[in-house]
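An overview of the molecular structure
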Amino acid sequence: SFIIDSISLPRVTLQRTTGDCDDLTVLFCSLLETVGIETGYVTVSDHIFPAFCLKLKEYQFKNILLDKDMFITDAGQLWVPLEITLLGKSDFFTAWKTAIERYRNEIDSERKFIRTKDAQKIYKPIGLKEVDIGLQYGSKEEIRIEVETEVENLLDNLILYIEEFAETKEDFNEFGILCTKLKRYTTAEYAFFKALSLENSYIHPLMNLGN
């Protein structure tokens, strides 16, 4: 036996302010595609969740994390999956870790990754109607504050997670560089000194400290 499920249009999910995993996945992908971020979705045995493309090559994973297994790779690109039902209930990084763990733990025959643009070759996008134009969903200022807060939380969680995987002098040097890019200068200084403690003649963290 099987069950046929219906999927709501993104605007309907916004109006209802609720939906299940497939409704929220379609909404999330639609929002990102609207601003030019390529998306896809992951299906497993009884669930679906979205992923988005970082526009980074597979070998560039250390630009974000030291742990390559936190990403889905497709056609040589890095993708971040999200447990969409956790967004709003938990932080972004928890939603990321939960999704990638589900993806890794699923057997290959039960999981699929499909790019939205490939799905749209079969199922054409549905455009907005005139009555949809100009609809507002919440306060822009409240959304801005929530996004900025979530970004700061994400950066803090990324830093803690990266540090867990840092073992070698090269790891700590790269950790320091990432922290510098994120303007976490105190943590970056700690990372460079940690790299030096592992080898006091290691020139790269010395140069980075100077910079």
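Residues numbered from 1 in each chain as written. Predicted model: local features only at pLDDT ≥ 70, side-chain atom pairs only at ≥ 80, totals over all residues. Heavy atoms only, no water.

Section: the packing of aromatic side chains
Stated formally: Ring pairs shown here join Phe, Tyr and Trp side chains whose ring centres sit within 6.5 Å, with only the six-membered ring taken for Trp; geometry is labelled stacked below 30 degrees between planes, edge-to-face above 60, and tilted in between. Counting from the N terminus, the helices are the DSSP runs of H or I reaching at least four residues and the strands are the DSSP runs of E reaching at least two. A ring is considered to have a charge above it if a Lys NZ or an Arg CZ atom is located within 6 Å of its centre and within 35 degrees of its normal.
Within the structure shown, the criterion is met by six aromatic pairs. With centroids separated by 6.4 Å and ring planes inclined at 55°, the aromatic side chains of Phe52 and Phe92 adopt a geometry described as tilted. Taken together, the residues Phe52 in strand β2 (residues 47–57) and Phe92 in helix α3 (residues 92–105) connect sequence positions 40 residues apart. Look at Phe93 and Tyr161: their rings are 5.3 Å apart centre to centre, the planes differ by 70°, and that puts the pair in the edge-to-face class. Taken as a pair, Phe93 in helix α3 and Tyr161 in helix α5 (residues 140–165) lie far apart in primary sequence, 68 residues in all. Aromatic rings pair up to connect Phe71, Phe93, Trp96, Tyr161 and Phe165 into one cluster. One residue, Lys169, lies across the ring of Tyr202, its end atom 5.3 Å from the ring centre.

Overview of the pattern of salt bridges
Our working definition: The salt bridge definition used is simple: a Lys or Arg side-chain nitrogen within 4 Å of an Asp or Glu carboxyl oxygen. Between buried and exposed lies partly exposed: a residue is buried under 20% and exposed over 50% of the maximum accessible area for its type, with that area taken using a 1.4 Å probe on protein chains only.
Counting across every chain of the model gives 16 salt bridges. For Lys62, the salt bridge identified is with Glu174, shortest N-O distance 3.6 Å. Here Glu174 lies in helix α6 (residues 169–181) and Lys62 lies in the loop between β2 and β3 (72–74), a separation of 112 residues in the sequence. With relative accessibility at 33%, the residue Lys62 sits in the partly exposed group. Among the residues examined, Glu174 registers a relative accessible area of 27% and is labelled partly exposed. The closest approach of N and O atoms between Arg184 and Glu152, which form a salt bridge, is 3.0 Å. With Arg184 in the loop between α6 and α7 (185–198) and Glu152 in helix α5, the pair connects residues that are 32 residues apart, well separated along the chain.

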